[in-house]
Amino acid sequence: MFSLAGLTRDMLMSRYEFDYGPRSIILITNLPFPTLMFKKFSPSTDIAGQTPVKSSVQRAIRSAVLSQWKIEPETLEAIWPKKEGLVHVKCREHVSIFTVHGEPLIIQHFDGPYYPTLRLLHKYPYILPKVGVDRGAIRFLLAGAPMMCPGLTSKGGYLPPPDAALPAGASVAIYAEGKEHAIGIGLLKMGSEEMRKINRDMGVEVATYLGDDLWALKAL
Amino acid sequence: MPSKKNQTPAAPAPAAEQSEGPPPPDPVPPVQLLYCSVCSFPPEYCEFGSSLTRCKEWLKENHPDLFDKYYSDDALTSKVGTLSLEAQAKLEEDTAKKEAKAVAKADAALKKKLASQVTIKRIERNKRKHVTSIHGLEAFGVDLKKAAKQFSSKFATGSSVTKNLQGHDEIVVQGDVSDEILEMIEAGAGVLKGIPVDNVEVVEEKKKKGGD
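The model shown is predicted, which means the values in this text are computed figures rather than measured ones.

Draft legend 1. Local environment of a negative patch on the surface. Together, Asp179, Glu180, Glu183 and Glu186 of chain B make up a region of like negative charge exposed at the surface. Within the secondary structure, Asp179 of chain B is located in helix α8 (residues 178–187).

Draft legend 2. Just the layout of surface pockets, in detail. The computed volume of the largest pocket comes to approximately 810 Å³. Lining the largest pocket are 31 residues, with Leu142 of chain A together with Phe48, Gly49, Ser50 and Lys98 of chain B sitting closest to its centre. Among the secondary structure elements, those contributing two or more residues to the lining of the largest pocket are α7 (135–142) and α10 (213–216) of chain A together with α6 (85–115) of chain B. It is α6 of chain B that contributes the most residues to the lining of the largest pocket, seven residues altogether. Classifying every residue of the lining of the largest pocket gives 13 nonpolar, six polar and twelve charged.

Draft legend 3. The arrangement of the interface of chain A and chain B in detail. On the chain B side, the residues contacting the 29 residues of chain A number 31 residues. Counting each side, the surface lost to burial between chain A and chain B is near 2,600 Å², with a carbon and sulfur contribution of 58%. For the pair chain A and chain B, the number of links is three salt bridges. Close ionic contact of Lys179 of chain A with Glu47 of chain B constitutes a salt bridge, the shortest N to O distance being 2.4 Å. Inspection of the chain A/chain B interface yields ten residue pairs in polar contact (both at pLDDT 80 or more). Secondary-structure elements contributing two or more residues to the side of chain A that touches chain B are α5 (73–79), α6 (118–123) and α7 of chain A. Top contributing element to the side of chain A that touches chain B by residue count: α7 of chain A, with five residues. Residues that form the side of chain A that touches chain B fall into these classes: twelve nonpolar, six polar and eleven charged.

Draft legend 4. Structural detail: the sheet that holds strand β2 (residues 129–135) of chain B. Residue and element names in this part refer to chain B. Strand order in the open sheet made by the five strands is β3-β4-β2-β1-β5, with mixed pairing throughout. With partners counted over all chains shown, the strands left at the sheet margins are β3 (159–163) and β5 (200–205), one partner each. Averaged over neighbouring strand pairs, the angle between their axes works out to 25° when direction is ignored. Examined bridge by bridge, β3 and strand β4 (residues 169–174) share five bridges and lie antiparallel to one another. Paired with Ser160 across the bridge in β4 is Val172.

Draft legend 5. Local environment of a positive patch on the surface. All names here are of chain B. Together, Arg125, Arg128, Lys129 and Lys207 line one region of the surface with positive charge. Along the chain, Lys207 turns up in the segment after β5. By relative accessible area, which is 49% here, Lys207 ends up partly exposed.

About the criteria used
Residues numbered from 1 in each chain as written. Chains lettered and ligands numbered in written order. Predicted model: local features only at pLDDT ≥ 70, side-chain atom pairs only at ≥ 80, totals over all residues. Heavy atoms only, no water. Patch = residues over 30% accessible without salt bridge, like charges linked within 9 Å, V, L, I, M, F, W, Y side chains within 5 Å. Areas by Shrake-Rupley, 256 points an atom, 1.4 Å probe, with all protein chains shown as cover. Salt bridge = Lys/Arg side-chain N within 4 Å of Asp/Glu carboxyl O. Lys, Arg positive; Asp, Glu negative; His and termini not counted. Charge placed at Lys NZ, Arg CZ, Asp CG, Glu CD. Helix = DSSP H or I, 4+ residues; strand = E, 2+ residues; numbered from the N terminus. 1 Å grid on protein atoms, 1.4 Å probe; cavity = no way out; pocket = protein on both sides within 12 Å on 5 of 7 lines; lining within 4 Å. Points joined across faces, edges and corners; volume = space filled by probe spheres on them. Nonpolar A, V, L, I, M, F, W, Y, C, P; charged D, E, K, R; others polar. Contact = heavy atoms within 4.5 Å. Buried area = accessible area lost by both parts, 1.4 Å probe. Polar contact = N/O pair within 3.5 Å; in protein donor to acceptor, adjacent residues only side chain to side chain. Pairing = 2+ DSSP bridges. Axes fitted to C-alpha atoms, helices over the stretch in contact; angles between N-to-C directions. Buried < 20%, exposed > 50% of the residue type's maximum accessible area, 1.4 Å probe, protein only.

Encoded structure:
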């Protein structure tokens, strides 16, 4: 009798979750971005499973990537050939990594934007818009801290000019003062113009950075 | 776009290899960049890593041109950029500290590795049957799954990676193969390379009388 009651309650609970479509949409819009998705990441415990992606879903991802990144279809074809199946690596906290031949290429959190991995970005640096941080911020970025506005607006930092302003929520490549290659990939917490105006608090949340556990992971 | 088309035939030449750039519909070739083989960062970021001295040595030896670019006096003065002098000094101090810490950590890890034991245990299952469990291989950088596979193909018996009571991973091989495994470790067969024999001990576990 007791177990029966437990069973029905479980069933109810599962129904409850499935029926709440609209609520989950609200969740998506103000879902907190997991800062430091890969600060602590160990493949043995944080990966829930790997599955090949259905071709229809692959098509959807491909078109989404083409619209979100500044990349030509031919180039994307070169890094991710149509014939090669994408493998979806599910990780904890709704983080997804998509790999081709075991090499991580695309990362995504929940339904958020698709980010390239840092190694991919190094190879094709033009696919994401750029922001720069000054030299003082590098140390903190490499420890996984989010980037504060003053580091972006100061003399060593770089924000796109007003006519190419970036809105909040854009994914960006983070560059460092005096350095040639990207140091991290992040998500703008406020628009670039807003940053200039307010000039305090968090400007860019960091998704992945040089030397985090995803960087250490060369193949899955 | 047409300008790009003109560039592509020339571009792969400096890019050297086109591992992923089949020529047909002119994909843009990837930027070839060098990663430091010591700390895996692009060399310009080595100074923020925890092994700057070793990175520097490596770069000087293998890519002297890049070494000049990043560590010559000009580069050092210009890279300070907008940072104040005190901040720069602090940064350098921090780097040195970090490096010392990393070295100490590596030393500790090495010591631990040298001190760690591999236990080959013969466990009695019933009177004439045994299983052999091998514990502690992972400390020597052995992939347990691969090792288990190697054992099972070598002895033609079941072999698997399981968690023991303490929650550590160990390899359990069916049958009494403790002597053979000891020999394999001595010979360094397959994935069992680099395990000092002194650190291996063979023990036997008898079933307790009257136990369950």
